[in-house]
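The primary structure of each chain is shown beneath.
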Amino acid sequence: MEAAMEKILIVGGGYAGFYTAWGLEKRLRPGEAEVTLVDPHGYMTYQPFLPEVTAGSIEARHVMVSLRRHLHRTALVAGQTTAIDHAHRTATVRTNDGALRELRYDTIVVTAGAVTRTFPVPGIEQEAIGLKHVEEAVAIRDQLLTAFDRAALLPPGARRRRLLTVTVVGGGFTGVEVFGELLSLATSLLRRYPELGPEDLSFHLVDANDRILPEVTDEPGRWVVRHLEGRGGTVHLGAQVVSAAGGEILLSTGESWGNGLLIWAAGNGSNPVVAKNTDLPVDERGLVRVRADLRVGTDDAPVPGAWAAGDNAAVPDLASPVPGTRTVPNAQHAVRQGRLLARNLVADLRGRRVHPYVHHSLGTVATLGIGRGIFQYHGLVVTGFLAWLMHRGYHVLAVPTWERKVRVLLVWASAVLFGRDIVPLSTVQRPRAAFLAGGDPFADVGGPDREVHGAA
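Residues numbered from 1 in each chain as written. Predicted model: local features only at pLDDT ≥ 70, side-chain atom pairs only at ≥ 80, totals over all residues. Heavy atoms only, no water.

### Brief notes about the overall build of the protein chain
Part 1: Scanning the protein chain for helices and strands turns up 13 helices and 25 strands.
Part 2: In terms of overall size, the protein chain behaves like a compact globule, its C-alpha atoms giving a radius of gyration of 23 Å where 456 residues would be expected to give roughly 23 Å.
Part 3: Judged by the C-alpha coordinates and their principal axes, the protein chain covers about 80 × 60 × 45 Å.
Part 4: Relative to all contacts within the protein chain whose residues are 6 or more apart in sequence, the contacts with residues 24 or more apart total 68%.
Part 5: If you sum the accessible surface of the protein chain, you get close to 21400 Å²; carbon and sulfur atoms cover 56% of it. (Helix = DSSP H or I, 4+ residues; strand = E, 2+ residues; numbered from the N terminus. Rg over C-alpha atoms; globule rule 2.2 N^0.38 Å. Contact = heavy atoms within 4.5 Å. Areas by Shrake-Rupley, 256 points an atom, 1.4 Å probe, with all protein chains shown as cover.)

Next up, the structure:
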């Protein structure tokens, strides 16, 4: 009698989940295991490109890698995992049509990722947009472009300036990159709007720490602050947003201003399914406890049949000289952990030795807008145009599949010839508006469009 095939369930189709499934398809023999991946989306988002999506330097669809196009032997379930009962080898999934399903498994791989970390600040729920999903990046771009159109119709003054005021909360890589990219976009747009001038723009970057970009050393971080301020931005360090109600930003330092666009990039929060809805061991931050080989548990108490990687896992950083250090939640680690996880799963299935995760950083690189960037590798620091080229070169190599690499390169090439595409697509969020209005300019058809404060 043949033994039943091993059932492997992957929770989440982000970097770590996608690369785990992709690697398993390349390594598993026919009939050796049955792989299922659960994710509410049909694609993996390459998040390092999202700041460039907000600025129109990359087409939104090109940062998404279709799961069905590239995973041919993995069963895909479109839904959100709501609970994991590992004691009974069962995961509960709410499918995208609202139904609840229970999926049984022999081995689970938890790669659900993280969520945007938020705080109970008045007005944040109503005003802020995150930047972990492509839909958010598109909304940010459309809102800024629409604000320019509205501001051009107003006389100089506070209402116009408020429309063109952008506040980014969070001085990590996501916050700094989106701030630099949007500042670059806004500055370039002034050439298309003769009614507007540099004095109408107001860009604010807020961080609770006394420095930005904690992944780089102090002096390069200070250089980035000077660079952004030299381009017209204002950087508020050691400050927290205490209110954003009604589009009025109030900081803990007492500073305040009227705001048009608020972007929340204040770091990662634990995924609720991992932090609250599983019997797998989690740490004080709500991350799955894993060993260096990515098995769930500790060296003394491993959890059979459970593995985890990526932003929802507390992975020991064996490359760090400081004992107890965990790998930082970024794409560089998640991709490599996913690849190792696939190899270790197959090795474990075949009774072979698994390997620990060890990755020495390739350096840190950030874009600050077209033609501007910063790169650091140990004591080597590169800034300006060369660093920007290094950023683009690294990420076009890192984005998965040749199909996506070629598409991104073609968009960049067209931008060199013709510049950014500055057409907003905000109306796509109300696809029936024109149909219902029937050409009547006074028709009120409602819809989800968010009015920019001060545009009335």
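### Some points on the pairing of strand β11 (residues 165-169)
Part 1: The element β11 is largely enclosed, with a buried count of 5 among its 5 residues.
Part 2: The alternating pattern of β11 places T165, T167 and V169 on one face and V166 and V168 on the opposite face, and all of these are buried.
Part 3: Bridge count for β11 against strand β12 (residues 202-207) is 5 bridges, and the pairing is parallel. By the bridge assignment for β12, T167 is matched with H204.
Part 4: In this view, the connection linking β11 to its parallel neighbour β12 by way of helix α7 (residues 173-189) has right-handed handedness.
Part 5: Where β11 lies against strand β17 (residues 261-264), 4 bridges are found, and the strand directions are parallel. Bridging from a neighbouring strand, V169 pairs with W264 of β17. (Buried < 20%, exposed > 50% of the residue type's maximum accessible area, 1.4 Å probe, protein only. Pairing = 2+ DSSP bridges. Right-handed = clockwise from strand over helix to strand, strands pointing away.)

### Section: the side chain of T327
Part 1: Inspection of the secondary structure puts T327 in the loop between β22 (313-314) and α10 (331-349).
Part 2: Here T327 falls in the buried class, since its relative accessible area comes to 9%.
Part 3: In this structure the side chain of T327 is engaged in a polar contact, spanning 3.3 Å, whose partner is the side chain of Q337. (Polar contact = N/O pair within 3.5 Å; in protein donor to acceptor, adjacent residues only side chain to side chain.)

### Considerations on the sheet that holds strand β6 (residues 90-95)
Sheet strands pair via backbone hydrogen bonds, and the direction of the pair is either parallel or antiparallel.
Part 1: Pairing in this open sheet of 8 strands is mixed, and the strands run β7-β6-β5-β2-β1-β8-β21-β20 from one edge to the other. Each edge of the open sheet carries a strand with a single partner, namely β7 (100-104) and β20 (295-297). On average, adjacent strands in this sheet sit at an angle of 45 degrees to one another, irrespective of strand direction.
Part 2: In this structure, strand β5 (residues 74-85) lies alongside β6, joined through 6 bridges in antiparallel fashion. (Axes fitted to C-alpha atoms, helices over the stretch in contact; angles between N-to-C directions.)

### Some details on the packing of helix α1 (residues 15-27) against α10
Part 1: For the pair α1 and α10, interaxial distance at closest approach is 7 Å and the crossing angle is 35 degrees. As for how α1 packs across α10, the hand of that crossing is right-handed. Contacts from Y15, A16, Y19, T20, G23, L24 and R27 in α1 reach A331, A334, V335, G338, R339, L341, A342, R343, L345 and V346 in α10.
Part 2: Its residues placed into classes, the contact of α1 with α10 shows 11 nonpolar, 3 polar and 3 charged. (Left-handed = near helix turned anticlockwise from the far one by under 90°. Nonpolar A, V, L, I, M, F, W, Y, C, P; charged D, E, K, R; others polar.)

### A look at the sheet that holds β17
Part 1: With parallel pairing, 5 strands are arranged side by side in an open sheet as β10-β17-β11-β12-β13. Each having just a single partner strand, β10 (128-129) and β13 (233-237) make up the two edges of the open sheet.
Part 2: Direction of pairing for β10 relative to β17: parallel, over a ladder of 2 bridges. Bridging from a neighbouring strand, I129 pairs with I263 of β17.
Part 3: Together, β10, β11 and β17 form the strand contacts of helix α5 (residues 134-151), whose direction differs from that of β17 by roughly 160 degrees.

### Remarks on the UniProt feature "domain: FAD/NAD(P)-binding" (unreviewed entry) in the protein chain
Part 1: Mapped onto this numbering, the UniProt entry annotates "domain: FAD/NAD(P)-binding" (unreviewed entry) at residues 7-338.
Part 2: As a span, residues 7-338 carries 28% helix and 29% strand, and end to end its C-alpha atoms are 18 Å apart. (UniProt positions renumbered as here; feature names shortened; annotations may be inferred.)

### Some points on the environment of M64
Part 1: With respect to the helices and strands, M64 occurs in strand β4 (residues 64-66).
Part 2: Note on M64: relative accessible area 15%, which makes it buried.
Part 3: For the pair M64 and G42, spaced 22 residues apart in sequence, the C-alpha to C-alpha distance is 9.1 Å.
Part 4: The contacts of M64, once residues within four sequence positions are left out, are Y43, M44, T45, V134 and R404.

### Here we look at unusual backbone geometry
Part 1: With a phi angle near 55 degrees, H378 is a residue other than glycine that sits in the positive phi range.
Part 2: Relative to the elements of secondary structure, H378 occurs in the loop between β24 (373-377) and β25 (380-383).
Part 3: Positive phi is not limited to glycine here, since T401 has a value of about 75 degrees.
Part 4: Structurally, T401 can be placed in the loop between α11 (385-398) and α12 (402-418).

### Here we look at the nonpolar core
Part 1: In terms of nonpolar packing, the biggest core is built from 112 residues, with L24, F148 and L182 touching the most fellow members.
Part 2: If we skip the residues at most four places from it in the chain, F148 touches L164, A186, L189, L190, Y193, L196 and L201.
Part 3: V169, A239, I249 and A266 belong to the second-largest nonpolar core, a separate cluster that totals 13 residues. (Core = buried A, V, L, I, M, F, W, Y, C linked by side-chain atoms within 4.5 Å.)

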